[in-house]
Every structure is written in C-alpha cells, then in structure tokens.
Amino acid sequence: MNIGFISLGCSKNLVDTEAIIGKFKNNKYTITNNQSESDIIIINTCGFIEQAKQEAINTILEMAEYKKDRCKYLVVIGCLVQRYYNELIQALPEVDLFIRIDEYPRLWEKIEKLIEENQVEVTQFEQVTKVSEITELPMLLQKEYEQRVLTTGENYAYLKIGEGCSNMCTYCAIPYIRGKFVSRKIEELVQEAKILANKGIKELIVIAQDTTKYGADIYGKPMLVELLKELAKIKEIKWIRFLYSYPEGITEELIQEVKNNPKICKYFDIPIQHISDGILKKMNRKTNKKEIERLIEKIRKEIPNVTLRTSLIVGFPGETKEQFNELEQFVEKVEFDKLGTFMYSKEDGTPAAKMQEQIHGNTKKARYNKIMEKQQKISHQKLLQKIGKQYEVLVETTTFDNKYFVGRTSQDVPEIDGLVYIKNNGDSQLINKFIKCKIIDVRDYDLIAEQI
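For every chain, the first residue of its written sequence is number 1, and the numbers climb from 1 along that sequence. Reporting in this predicted model follows two pLDDT cut-offs: at least 70 for local features of residues, and 80 or more for side-chain atom pairs to be given and counted; totals over whole chains, interfaces and linings ignore these cut-offs and use all residues. The basis for every side-chain value is the complete set of non-hydrogen atoms in the structure, without hydrogens or water.

Draft legend 1. Quick look at the sheet that holds strand 14 (residues 390-398). With mixed pairing, the five strands of this closed barrel are ordered in space as 14-15-16-18-17. Each neighbouring strand pair of the sheet contributes to a mean axis angle of 55 degrees, computed without reference to strand direction. A strand pair is defined by DSSP finding two or more bridges across the two strands. We count a stretch as a helix when DSSP gives it H or I for four or more residues in a row; a strand needs E for two or more, and each element gets its number in order from the N terminus. Lines fitted to C-alpha atoms define the axes here, with helix axes fitted over just the stretch in contact, and angles between the N-to-C directions of these axes take values from 0 to 180 degrees.

Draft legend 2. Highlighting the sheet that holds strand 9 (residues 203-207). Strand order in the open sheet formed by three strands is 6-9-10, and the pairing between neighbours is parallel. Both edges of this open sheet fall to strand 6 (156-160) and strand 10 (239-242), since each of them pairs with a single strand only. The mean inter-strand angle of the sheet, taken between neighbouring strand axes irrespective of direction, is 20 degrees. Here a residue-residue contact requires only that any non-hydrogen atoms of the pair lie within 4.5 Å. In the packing of helix 7 (residues 186-198) onto the sheet, the strands contacted are strand 6 and strand 9, and the crossing angle to strand 6 comes to about 165 degrees. The sheet strands contacting helix 9 (residues 224-232) are strand 6, strand 9 and strand 10, and the helix crosses strand 10 at an angle near 160 degrees.

Draft legend 3. Fine view of the packing of aromatic side chains. To pair, rings of Phe, Tyr and Trp, with the six-membered ring standing in for Trp, must have centres within 6.5 Å; the planes then decide the type, stacked if under 30 degrees apart, edge-to-face if over 60, and tilted in the middle. Taken as a whole and judged by the stated rule, the model has eleven aromatic pairs. Between Phe24 and Tyr29 the ring centres are 5.2 Å apart and the planes differ by 75 degrees, which places this aromatic pair in the edge-to-face class. Assigned by exposure class, Phe24 and Tyr29 land together as buried. Between Tyr29 and Trp108, the aromatic rings sit 6.0 Å apart at their centres with planes inclined by 80 degrees, giving edge-to-face as the arrangement. Of this pair, Tyr29 sits in the loop between helix 1 (11-26) and strand 2 (30-32) while Trp108 sits in helix 4 (residues 107-117); the two residues are 79 residues apart in sequence, bridging distant segments of the chain. Neither Tyr29 nor Trp108 differs from the other in exposure class; each is buried. Grouped by ring-pair contacts, the aromatic residues Phe5, Phe24, Tyr29 and Trp108 constitute a single cluster. Distance and angle both matter: a charge sits over a ring if NZ of Lys or CZ of Arg is within 6 Å of the ring centre and within 35 degrees of the ring normal. Geometry around Tyr85 places Arg100 over its ring, the cationic atom sitting 4.7 Å from the centre. Each residue's exposure class comes from its accessible area (1.4 Å probe, protein chains only) as a fraction of the maximum for that residue type: buried when under 20%, exposed when over 50%, partly exposed otherwise.

Draft legend 4. Layout of the pairing of strand 13 (residues 338-343). As paired strands, strand 12 (residues 307-314) and strand 13 are joined by six bridges and run parallel to one another. By the bridge assignment for strand 13, Val314 is matched with Met343. Of the crossover connections in this fold, the one passing from strand 12 over helix 13 (residues 321-334) to the parallel strand 13 is right-handed. A crossover counts as right-handed when, viewed with the strands pointing away from the observer, the path leading from the first strand over the helix to the second turns clockwise.

Draft legend 5. Seen up close, the side chain of Lys160. By the element assignment, Lys160 lies in strand 6. In this structure Lys160 comes out as buried when scored by relative accessible area, which is 0%. A polar contact of 2.8 Å, which involves the side chain of Lys160, links it to the side chain of Asp16. When near neighbours in sequence (up to four residues on either side) are disregarded, Lys160 contacts Lys12, Val15, Asp16, Tyr145, Arg178, Arg184, Leu189 and Ile207. Polar contact is the term for a pair of N or O atoms within 3.5 Å; when the atoms are in protein, one must be able to donate a hydrogen and the other to accept it, and sequence-neighboring residues count only if both atoms are side-chain atoms.

Draft legend 6. Geometry of unusual backbone geometry. A positive phi angle, near 65 degrees, is found at Asn402, a position not held by glycine. Along the polypeptide, Asn402 turns up in the loop between strand 14 and strand 15 (404-408). By relative accessible area, which is 46% here, Asn402 ends up partly exposed. At Asn432, a residue that is not glycine, the phi angle is positive and equals roughly 70 degrees.

Draft legend 7. The arrangement of helix 2 (residues 50-64) in detail. Counted at 1.5 Å a residue, the expected span for helix 2 with its 15 residues is 21 Å, and the 21 Å between its end C-alpha atoms agrees. Among the residues of helix 2, those classed as buried are Ala52, Lys53, Ala56, Thr59, Ile60, Met63 and Ala64. Down the axis of helix 2, the buried set is contained in an arc of 135 degrees. They therefore lie on one face. Packed against the buried residues of helix 2 are strand 1 (2-7), strand 3 (40-45), strand 4 (73-78) and helix 3 (79-91). Take the residue count of a helix, subtract one, and multiply by 1.5 Å to get its expected span. By construction, the arc corresponds to the directions joining the helix axis to the C-beta atoms.

Draft legend 8. Focus on the pattern of salt bridges. For this analysis, a salt bridge means a side-chain nitrogen from Lys or Arg found within 4 Å of a carboxyl oxygen belonging to Asp or Glu. Taken as a whole and assessed by the stated rule, the structure comprises 37 salt bridges. For the salt bridge of Arg148 with Glu192, the shortest nitrogen-to-oxygen distance reads 2.6 Å. In this pair, Arg148 is assigned in the loop between helix 5 (142-146) and strand 6 and Glu192 in helix 7, connecting sequence segments 44 residues apart. For Glu192, a relative accessible area of 1% corresponds to the buried category. Taken together, the shared-partner salt bridges connect Asp16, Lys160, Glu163 and Arg178 into one network.

Following this line, the structure appears as structure tokens:
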C-alpha cells in the first residue's frame with residue numbers, strides 16, 4: 001500500500017511527520033511523494049494563525065479530490081485537529097480519520113484500524129481553551145524519533161528538544177494546542193543526534209517553542225548549554241544551531257558557549273515581537289526595551305561576527321501610531337541581519353483576542369510593509385558588506401541549468417535565510433561538501449561567490 005505525506009507549518013511539525021513516516025516504512029508500507037499514486041494520504045496540519053489554518057483547509061480539500069480516483073483514505077493530524085476537532089468532523093466529511101495530538105500514543109493503532117477494518121470510532125472532544133485546563137500533551141515515543149525518515153536532504157536535520165510552551169504570551173495559541181513545555185532527556189537527544197550523524201547529517205538544528213527553557217521542567221534549571229556541549233562531542237556533526245531563543249532566557253553562559261564552541265554557529269534567533277514596553281506588557285512578554293537593547297549590545301560585543309535574527313508582530317491590539325514609530329526606529333537603529341514580520345492574527349481562546357482596540361487590517365498591512373521595506377534596505381547593505389570576504393560554504397545542490405552550485409554559510413538557516421551561488425567549475429564531487437568561497441556579488445537576499 002502506498003502512503004503519501006504532507007507536512008504543513010513549522011519544523012517541529014516536520015519532525016513529527018518524519019517520525020510517523022518511519023513507522024510506516026518499518027512496517028513495510030511504500031512511501032511516495034506523488035499523491036496521485038497514494039492509497040492513503042496523511043496531512044500533518046498547522047493551526048497557529050489564520051493564514052496557516054486556511055492553508056491547511058485548502059490542502060485537505062485539494063487532497064480529498066484524489067479520493068475520486070485511487071486514494072482510499074484521507075487522514076488529518078496535528079495542531080489544527082487538536083484545536084478544532086469537533087468543528088472539523090462536522091465540516092469535512094471527506095476526511096476518514098482525524099487524530100489529535102493527545103492521541104499520538106494511539107496514532108498507529110488508529111490508522112491500522114482504519115486500514116484493516118475500514119472503520120474508526122469517532123469520539124467527542126471538547127476543545128481546551130481555559131488556562132486552568134492546560135495540561136502536558138504527549139510527544140511521540142523516543143523510539144519513533146530515532147526511526148524517523150529524514151525529508152530535509154543529506155546535510156541537515158532538526159532535533160526537537162521539547163514540546164509545547166509555558167510562556168503564555170497573550171497572542172499565542174500554542175499552549176492551548178500543544179500544552180505546557182515538556183523537555184526530552186539529554187541522553188535521548190544525544191542518542192538521536194548520533195543516529196542522525198551516522199546517516200551523514202552534518203548540521204543539527206535544535207528546535208523547540210522556546211529553546212532557552214529546555215530542561216527546566218525535568219532538571220530544575222535550564223540545560224540548553226549542557227545539551228549543546230554534549231551534542232558538540234559528536235565527531236561527525238560540524239555545525240550546530242539553536243532557534244527560537246527568547247531574550248530573557250539568553251544567559252551569559254549561553255553567549256559564551258556560542259562564542260567559544262567552534263561547532264556552534266554564531267547565530268541567534270531571538271523573537272522579540274515588539275519593542276514598546278506598553279505592547280510588550282500587553283503581550284505578557286517577560287522582558288522590556290532596555291533589557292532587549294542591552295542583550296543585543298552584549299551579544300554583538302562578545303561575538304563581533306554574530307548573525308542576529310528576530311521576528312516582530314505589528315498591529316497588536318491597541319498599538320498606537322507612536323508605539324509603531326518606536327518599533328520602526330528601533331529596527332532602523334539596531335539593523336538586524338535577518339528579520340521576519342507578522343501581522344497580528346486574532347486567535348480563538350487567547351487573551352489578546354478579547355482585547356479592545358483591535359487594529360484594522362489595512363493599518364496592519366501598511367505597518368507590515370513599512371517594516372519590511374526598511375529591513376530590505378538594511379539586509380541589502382549587510383550583504384554588500386560581505387563582498388570580498390571569505391566564508392565556509394556547505395554545498396547542497398546545483399541550479400537547474402548547472403551553472404552554479406548552491407549552498408549556505410553558517411549564517412544562513414535552511415528554508416529561511418539566503419543562499420550562496422558558486423560558479424560551477426565542473427567538479428561534481430563538491431555536492432554535500434564544505435568549501436572555502438569568496439563573495440563577489442549579491443542578488444536580492446542571496447550571495448554570489450567563487451571557490452577559493
């Protein structure tokens with residue numbers, strides 16, 4: 001039987017999908033990338049913001065069309081299902097089986113039942129929306145993470161170190177979908193990382209909703225530094241990076257580990273979301289403008305060649321023109337190397353959804369455009385400053401016409417940041433290798449280089 005998978009949303013979702021693919025492959029099912037050849041299609045959904053929800057619904061409806069031909073079963077899992085289980089059952093009869101995140105321990109059993117008996121018992125589920133009702137949701141089992149089938153190519157893989165989030169930002173639905181933050185044990189993560197290294201993986205990307213909270217729930221204190229040290233001992237791993245580190249969790253010890261550990265990429269992804277103290281307070285963020293500015297200054301002083309990335313939200317309820325101007329000026333002053341901006345999305349069950357002074361969509365769009373136009377100019381100037389400099393580049397593929405090799409520096413996260421295009425010298429042995437390059441030009445968000 002052929003099984004087709006679609007994974008939507010974040011890299012944390014992708015890791016779950018890879019683990020589930022591994023379960024099927026180990027049980028003699030055939031995995032296919034062609035939905036038209038699939039007997040069963042499994043969609044792992046995202047339910048984080050409105051745009052993601054709409055993408056998930058559209059994908060479900062699109063895949064339902066294949067049931068008119070070969071496809072026998074359509075299964076939908078993930079965040080959207082956890083959040084809107086009852087509503088989806090009523091709205092999408094085309095789907096044969098919905099599996100919530102809290103049912104992941106029974107995921108294989110439920111899918112097997114569907115395939116073998118062509119029936120599944122549908123149970124009612126009351127959506128959790130109250131803070132007092134939030135509980136820890138189960139992760140997939142350790143053995144399932146270890147047997148996962150990588151979908152990210154030969155060079156890098158994500159290492160998910162925890163599930164859920166306990167920060168309770170007022171705009172965010174993650175704690176209501178995924179539950180409180182739950183860490184995985186260091187020894188389990190090191191074992192998984194070794195398995196990935198044995199498969200040829202050269203770069204580990206450590207992820208969680210907030211990586212700086214890692215370990216506090218099971219060890220009594222944050223343990224990200226200790227984890228990074230253990231991962232760095234794996235000989236075959238050359239690059240290690242961690243994403244989504246909240247500013248209040250970035251300690252002096254963590255900064256020094258990034259500075260002094262040659263395997264850790266000099267890269268901080270710090271989602272600050274805003275800079276106005278008034279908005280930060282309404283967001284229930286655990287920091288303020290002065291602390292953020294001090295942190296950025298400290299990181300850049302300690303690690304002069306560091307790459308700083310952040311994410312921002314514009315149009316949060318009650319955001320005044322003055323508060324937006326403050327954010328705009330901050331972006332201009334700090335000059336982040338990488339920056340992503342989101343327009344505030346009103347999410348069911350979150351405190352921010354009930355706040356007064358919701359911002360009009362046109363205003364949010366205008367503010368989004370302003371920030372991104374500013375950042376585009378900053379990013380271009382940052383790239384121009386790299387011309388003439390030398391970088392180590394991990395070569396991953398070629399362009400369709402084979403004129404260029406395509407790779408990344410340690411300053412670039414796959415699928416998020418820019419690429420390096422290196423003139424093809426005809427040496428096919430360079431694919432999946434690290435080479436020294438000199439930057440000779442820039443193109444939009446990418447770099448043009450020649451091999452040294």
